[in-house]
Structures are given as C-alpha cells and as structure tokens.
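What follows is the residue order along each chain.
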Amino acid sequence: MNLEDKTLVWHVDAHRFNLQLLRVILNERTTRLDFGYQTTDYYIRGGWINIYPETHLVTSASTRKMHMQDQLGIVTAPDKFYFKSRADWHFFSLFFAPLPVQDQTISLVEFENPDPTNFNIKDIELRLDAAFFQRL
Amino acid sequence: MPIGKNAMLRCLIIDQVISEHHSYKPTMKRIIEVCKEQGIDVSHETIQKDIKMMKKDRPNGFGAPIKFDFQQQEYLYTDPNFTINGVKLTREDASVLEESLVLIKCMLRTELGDKLRHAMEKVLSTSIEEVDFNERYPILKTMEPPRSRGYEFMDLLLECCKVGIPISFVHYSYKNEVFKPVVLHPYVVREFENRWYVFGYSAKHDAYRSFGLDRIYEPIKLDLHYKKGNTKQILSFLNDMYGVFPLTTEEPIPVVLRADRLTTKFLSAYPIHVSQVVEKYDFGSSKITLNLIPTMELIQLVRSYGQSLKVVEPKWLVELIRNTRKDEFRR
C-alpha cells in the first residue's frame, strides 16, 4: 500500500504500568504515538516523567530502528516534567520515522535494558485491516 | 410570516428596477425581464403578489411606498429615497441586534461565532440609525466563564456534526482515571451549565454517549462510513434530560421531589425542567414533579440543596443518592 496523501490510524490498548499507548498514526512522513499517563500513589505529588532522546521503535517488518523525531507534551531527559499531585494525568505524543506499511508488530524502546519505570512497551500489533483512514 | 429566499430575491429585483427608473422604465415587463436575466422564471401574477407583500408593514413586508402610475404605466416609490436594499434599521431593530451580538460574543466564541458576529456588525454598520458603540458598560451581561479546555475543538466538532464525519479522539475519564481511544459519530454539540459536550454514537460502547470537550484529546476526522443518528433519541438527549449523563432509563419517567419553603420559591422562579409541576402545601413547601430521564447532574443538583430538596420517587433513585453519599464518606 502506498501512503501518499493517506494517514492510517490504529486504536490500541497497550500499557506498561500507568503508561498507556492509545493511538498509532502513520503517514509517509512520520509515525505518531499518542500516550496517556496517570500518576499513582507511589511517588510524592505524582513524581515526574521525561523521555530519553534515544527512544525508538522496532518493528517485525524491518531490521531498521525507527528513531524518535520529535515529541509533543513531554520533555526529553535530562529535563523533567513534574506532576503536582498523585491524581494528575498527562497526554503526550512521540514522533518517529515512518513505519513500513504492512502488518507488523512494533515495540517502543526507551532503554534496551529497561527498569520498571522506563517507557518500554512490547509487541503492539498493527494490522492494516484494523486501521482507520484519517480524512484529510 | 418570514419572507422566502426566492421571494426575497424577486423583491430585491423589483426594488432595483424601481430604483433605476432613470435608466429604464420600471414596468412589469422590465421586472420580468430582469428576473429572467437572473435565472428566475416568474409570472405577472407572482410579481403583483410580491409588490403587494412589499407594501405591507414590517415584519410581514417592507413598508414599501410602491405606487402604479397609470398615466406613465410604470411603478414608482412615492418616497424617492426608499429602498429595501440596505433597509434602515429602526432604533428597536438595532437594539435587538446589539443584544444578540452580546449573546453571540459570549456563547459562540468559535470561528463560526466570529463569522456570525462579523455579519451582524456589518448589518449594524449599514444602519443609518446611530448605534452607540461607546457605551461605557454593557446593559446586557451574561455569565462569561473563562475559556475551558477543549473549546478549541468546537469548530471541528460542529463541522463533523453538520457534514456527518466520524472522529477519533482520546478520552480521559476523570472518574476512572484512564484514557481510552474513541471513535464517535457525532450528532450534537451541547452546552450544559457552561460545560460543553459532544453527543453521538460511540462504536466502542455500541451506544449513544456524551463526552465532555474538556476530556477530549487530539480529535481527528476519519474517512469512515457515518452512522446517522436516531432523531428521536437525539431530541430526547436534548429535551428530556437535566444534564447530559443519563443514569439507567432511556425514556422519561416521573421524578418526585420534596422542597422546603425557601427552595420552593427558587424552583418556582427557575424551573429545573420544562416538565416541572409544583404542588404547594399550606406552609409553602411543595411536591415537585418532573418528567425526565434522571441524570448524574440531577442528582448533583438535588444534593446541592442539602436537606432543602429531596427525591421522593422513584425509590431506586432515592437509594442511588443515599449510596452515593455513603461512597463519598468512604473516600
């Protein structure tokens, strides 16, 4: 499939603890991942979040790493976005190099050897027949 | 009766022909010719009816002083300065428009509202009557809450409701503290107590749902078959509820409240719903009957009055309010 002038949208329900991956949006220029984050009782005033600049996507459809191009609503390390309470929530998006247009499984990799606090989410299935088309 | 679009067009042509009497003789033949030039096929009788209507006083006509000069066999305005194109606004008209402008400014702070406001300001500016824009304070003031989160999606949502375009967005539930991606076939954008909601068919829930605009993130239009709404259910959402989040029933039911003396006075002045019937008791307290779909907002309203207002029926609603109170104490 050629993505010229087309944008694919997947609704997904993948999460790692209190980080939720909600949507994947793909066009010929970029892959956008929309996330939601809910603070918990674990940290005082909800703690903080950021994203490492080396964050990338890996896909079953290619050996190439899809590097992060940009981010919206979140800062890159070493900066930090501090929450104010244990009930705060946050929506943010990460942009990566465009994925191949085919059925695949992708993984978000913030760290190769992650600890529980890193934003690594594995095995997100993206099937072409499950995608919506964005109306441009 | 309002003047139809076609009749209005013909009236403008008649006005134009009469006003251009220096260039062309304003005859019935000339009026019909100009109509034809503008793609309107019209009979002699229709033009006569239009002229008759134009002569009527406003709002049924334009109060046009049209006379047929039998000697010259032409139409004329007895007041040579008269024209309906650029109708003078009376002081009353201008005042009504000004008041409407205030409301538009408050309620439609969107691109659509801007266009409407701009159009109305143009109308006002063509008025020969003086309109005092330099008032030092407005004489009509509505509540102007600070712009809320999500209001920026208003134009997109209105367009999707109007054209019939499904949307994808991320919704955050304040109560459950989780995010969910949603596909919505939107029908109506509705305001309730200064909060804005979009109502439509949610594919995920396979049901009609309302979503607060403040809890919506990144809506995008989808190239997807649009599921049209059931008009009855949409109207029910708009008319049969106090609020936007229904509890269990889908049809209006009688809800009976008991109000004390003071609350009875307020609720008599500001009814909760159009269906409200107040039966007063001897000492001023009352039984208030509503016929609506019970909502979360109705519960909140009743609770905001404390002991002064209570639900008496249906029993399940009484029970629900009692249990919600217990839950809150636990929290």
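Residues numbered from 1 in each chain as written. Chains lettered and ligands numbered in written order. Predicted model: local features only at pLDDT ≥ 70, side-chain atom pairs only at ≥ 80, totals over all residues. Heavy atoms only, no water.

1. So, the sheet that holds strand β9 (residues 104-109) of chain A
Residues and elements named next belong to chain A.
Next up, step 1: Across the sheet, which stays open at both edges, the nine strands sit in the order β10-β9-β5-β6-β8-β3-β2-β1-β11 with antiparallel pairing between neighbours. Two strands in the sheet have a free side with no partner beyond their single neighbour: β10 (121-126) and β11 (132-133).
Next up, step 2: Here β9 pairs with β10 via four bridges, running antiparallel. Within β10, the residue paired with Thr105 across the bridge is Glu125. (Pairing = 2+ DSSP bridges. Helix = DSSP H or I, 4+ residues; strand = E, 2+ residues; numbered from the N terminus.)

2. Considering unusual backbone geometry
Next up, step 1: The residue after A:Ala77, namely A:Pro78, is reached through a cis peptide bond having omega 10°.
Next up, step 2: Looking at where A:Pro78 falls in the secondary structure, it is placed in the loop between β6 (66-72) and β7 (81-82).
Next up, step 3: Phi is positive for A:Arg45, which is not a glycine, with a value near 55°.
Next up, step 4: A positive phi angle, near 65°, is found at B:Asn194, a position not held by glycine.
Next up, step 5: Tracing the sequence through the fold places B:Asn194 in the loop between β4 (178-192) and β5 (195-202).
Next up, step 6: Note on B:Asn194: relative accessible area 31%, which makes it partly exposed. (Buried < 20%, exposed > 50% of the residue type's maximum accessible area, 1.4 Å probe, protein only.)

3. Some details on the environment of B:Lys141
Residue and element names in this part refer to chain B.
Next up, step 1: Along the chain, Lys141 turns up in the loop between α5 (111-126) and α6 (154-163).
Next up, step 2: A relative accessible area of 55% means that Lys141 is categorised as exposed.
Next up, step 3: Between the C-alpha atom of Lys141 and that of Leu103, which follows or precedes it by 38 residues, the distance is 8.3 Å.

4. Quick word on the pairing of strand β1 (residues 8-16) of chain A
Residue and element names in this part refer to chain A.
Next up, step 1: Pairing geometry for β1 and β11, over two bridges, is antiparallel. Residue pairing across strands places Val9 opposite Phe132, the latter belonging to β11.
Next up, step 2: By the bridge criterion, seven bridges tie β1 to strand β2 (residues 19-26) in an arrangement that is antiparallel. Considered in β2, the bridge of Arg16 is made with Leu19.

5. Side note on the pairing of strand β2 (residues 74-77) of chain B
Residue and element names in this part refer to chain B.
Next up, step 1: Taken together, the four bridges between strand β1 (residues 66-69) and β2 define a ladder with antiparallel strand orientation. When the bridges of β2 are listed, Ile66 appears paired with Tyr77.
Next up, step 2: Joining the antiparallel neighbours β1 and β2 is a turn of four residues, in which Gln73 adopts a positive phi near 60°.

6. Observations concerning the interface of chain B and chain A
Next up, step 1: Listed per partner, the contact involves 21 residues of chain B and 19 residues of chain A.
Next up, step 2: Both sides together, the interface formed by chain B and chain A hides about 1,800 Å², and carbon and sulfur atoms give 64% of it.
Next up, step 3: Ranking the residues of chain B by area buried against chain A places B:Phe179, B:Pro181 and B:Glu218 at the top, with a combined share of 31%.
Next up, step 4: Summed over the shared surface of chain B and chain A, the result is one salt bridge. (Contact = heavy atoms within 4.5 Å. Buried area = accessible area lost by both parts, 1.4 Å probe. Salt bridge = Lys/Arg side-chain N within 4 Å of Asp/Glu carboxyl O.)

7. What about helix α8 (residues 261-269) of chain B?
Residue and element names in this part refer to chain B.
Next up, step 1: Considered for burial, the residues of α8 that qualify are Thr263, Thr264 and Leu267. Axial view of α8: buried residues confined to an arc of 105°, hence all on one face. In α8, those exposed residues whose orientation departs by more than 90 degrees from the buried face are Arg261, Leu262, Lys265 and Ala269.
Next up, step 2: Where α8 is buried, its residues meet β8 (253-259), β9 (277-280), β10 (286-292) and β11 (309-313). (Arc of directions from axis to C-beta.)

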